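# Commentary on secondary and tertiary structure
Listed below are the residues making up each chain.
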Amino acid sequence: MCSLCMMHVSLYTVHYTLLIDNIMIKNYLKIALRNLAKYKQITLINILRLSVGMAACVIILLFVQYELSYDRYHENADRIYRISREFYNSEGKTNLHLGHLAPPFEPFLAEDFPGIIQSSARLLGTSALISYKEGDVQIVEEKFGFAEPEVFDIFSFPFVEGDPATALSEPNTVVITESTARKYFGDEEALGKILNYERELDLKVTGVVQDVPDNSHFHFTMLASFAIVEDFVGEEQMMSNWGSNNYATYVLLPEGYDPEDLQAQFPAFIDKHLTGDGEVPASQWTALHLWPITDIHLYSHLDSEIEA
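Now for a quick tour of the structure. If you're wondering where the values come from, they're calculated on a predicted model, not measured in any experiment. (Residues numbered from 1 in each chain as written. Predicted model: local features only at pLDDT ≥ 70, side-chain atom pairs only at ≥ 80, totals over all residues. Heavy atoms only, no water.)

### Section: the environment of alanine 121
By the secondary structure assignment, alanine 121 is in strand β3 (residues 119–132). Apart from the residues lying within four places of it in its own chain, the contact partners of alanine 121 are Glu106, Glu148, Glu150, Val151, Ile154, Ala248, Thr249 and Tyr250. (Helix = DSSP H or I, 4+ residues; strand = E, 2+ residues; numbered from the N terminus. Contact = heavy atoms within 4.5 Å.)

Here's what the structure looks like:
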């Protein structure tokens, strides 16, 4: 058989096959539509079941995605760590593990590891009665806190007003969120306004940041200068108080640095600063741990947390 004839035969075969396939598909569709019309209740149940299943899968996927997104909005999220403090009993087992540290830890950490810890900051969360316009407006801020200026070097809280580099560098200053600014000042510019803390201290607004996203392991409406805490407690007393474990402490490590290397140096650091002459090495009854902030929401269930 010549090549031309073979080609015609092949084309005819392909055309015939496609024709048969189209007829079969049409027949299948007709049968399916007849069955759907005949068994309406079963059809409705199956469609609802499929719809609910698909919706549940989408919801679960979105929920998991959201849970895994906590604190990842920070520019340096992969380099930010919170430090926790663990206490051991006489048998060497954990009897207390806190997500907060005593106040002297952070300054000594920054001093002892200058090439490793690029920035560090302490936060102290509380609530406060805030007044505006000589007491005309009085609101209890449940998410009030004190923070060191370096907090804005570590975390990415976008500023709407003010300069993050200097916002908390002076005493008696406060940074507030956008929604808080609207609550007190409406559409007026918040920068430079005066708020009163606990009817005792005037705070100057030096910055306004965007509201903290929901997918964050801690939230605030106001952050006041940490210098207020140091003035109230006394810096000397704070630096000698190793038992007041109330300060959330964060560090920023260099890009590409292995946090295990710093973790390995913590026992010697603890013994250096906490062990007295003739005493049992402090590293035998207490320890420090680095927590990636992206792990805190899902995996940190310690005896003290800023939020649940």
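There is more to say, and it comes next.
### A short note on the packing of aromatic side chains
Across all of its chains, the model carries 19 aromatic pairs by this definition. Between the aromatic rings of phenylalanine 105 and phenylalanine 269, the centroid separation amounts to 6.4 Å while the plane-to-plane angle is 40 degrees, which identifies the pairing as tilted. On the criterion of sequence distance, the pair formed by phenylalanine 105 in helix α3 (residues 105–112) and phenylalanine 269 in helix α9 (residues 266–274) is long-range, its members being 164 residues apart. Just as phenylalanine 105 is buried, phenylalanine 269 falls in that class too. Lysine 193 extends its terminal NZ or CZ atom over the ring of phenylalanine 185, reaching a point 5.7 Å from the ring centre. (Phe/Tyr/Trp six-rings, centres within 6.5 Å; stacked < 30°, edge-to-face > 60°. Buried < 20%, exposed > 50% of the residue type's maximum accessible area, 1.4 Å probe, protein only. Lys NZ or Arg CZ within 6 Å of the ring centre and 35° of its normal.)

### Quick notes on α3
An α-helical turn contains 3.6 residues, so any two residues separated by three or four positions project in the same direction. Among the residues of α3, Phe105, Glu106, Phe108 and Leu109 are the ones counted as buried. Buried residues of α3, viewed axially, fall in a sector of 165 degrees; they line one side. Looking at the buried positions of α3, the neighbouring elements they touch are β1 (80–88), β3, β10 (248–252), α9 and β11 (286–292). (Arc of directions from axis to C-beta.)

### Some words on the environment of threonine 249
Here threonine 249 is to be found in strand β10. Sequence-wise, threonine 249 and phenylalanine 232 are 17 residues apart; in three dimensions their C-alpha atoms are separated by 19 Å.

### Describing the side chain of serine 131
Summarising the element assignment, serine 131 is placed in strand β3. When neighbours within four sequence positions are excluded, serine 131 is seen to be in contact with Val137, Gln138, Leu195 and Asn196.

### Considering helix α2 (residues 40–68)
Along its 29 residues, α2 runs 42 Å from first to last C-alpha, staying within 8% of the 42 Å computed at 1.5 Å per residue. The buried fraction of α2 amounts to two of the 29 residues, a small share that puts the element mostly on the outside. (Expected span 1.5 Å × (residues − 1).)

### Remarks on the pattern of salt bridges
Scanning the model with the defined rule gives eight salt bridges in all. Arginine 122 is the salt-bridge partner of glutamate 230, the closest N and O atoms lying 3.5 Å from each other. On the criterion of sequence distance, the pair formed by glutamate 230 in helix α6 (residues 227–233) and arginine 122 in strand β3 is long-range, its members being 108 residues apart. The buried category is assigned to arginine 122, whose relative accessible area is 3%. Residue glutamate 188 pairs with lysine 193 through a salt bridge whose shortest N-O separation is 3.5 Å. Salt bridges sharing common partners tie together Glu106, Arg122, Glu148 and Glu230. (Salt bridge = Lys/Arg side-chain N within 4 Å of Asp/Glu carboxyl O.)

### Here's the deal with unusual backbone geometry
The backbone of asparagine 172 shows a phi angle near 60 degrees, a positive value even though the residue is not glycine. Checked against the element boundaries, asparagine 172 lands in the loop between β5 (159–162) and β6 (173–177). The exposure class of asparagine 172 is partly exposed, given its relative accessible area of 30%. With a phi close to 60 degrees, arginine 199 is a non-glycine residue in the positive phi region. Among the secondary structure elements, arginine 199 is positioned in the loop between β7 (194–197) and β8 (201–209).

### Details of the side chain of serine 120
Mapped onto the secondary structure, serine 120 falls in strand β3. Among the polar contacts listed, one links the side chain of serine 120 to the side chain of glutamate 106, at a separation of 2.6 Å. Excluding residues within four positions of it along the chain, serine 120 makes contact with Glu106, Ala110, Glu148, Glu150, Ile154, Tyr250 and Val251. (Polar contact = N/O pair within 3.5 Å; in protein donor to acceptor, adjacent residues only side chain to side chain.)

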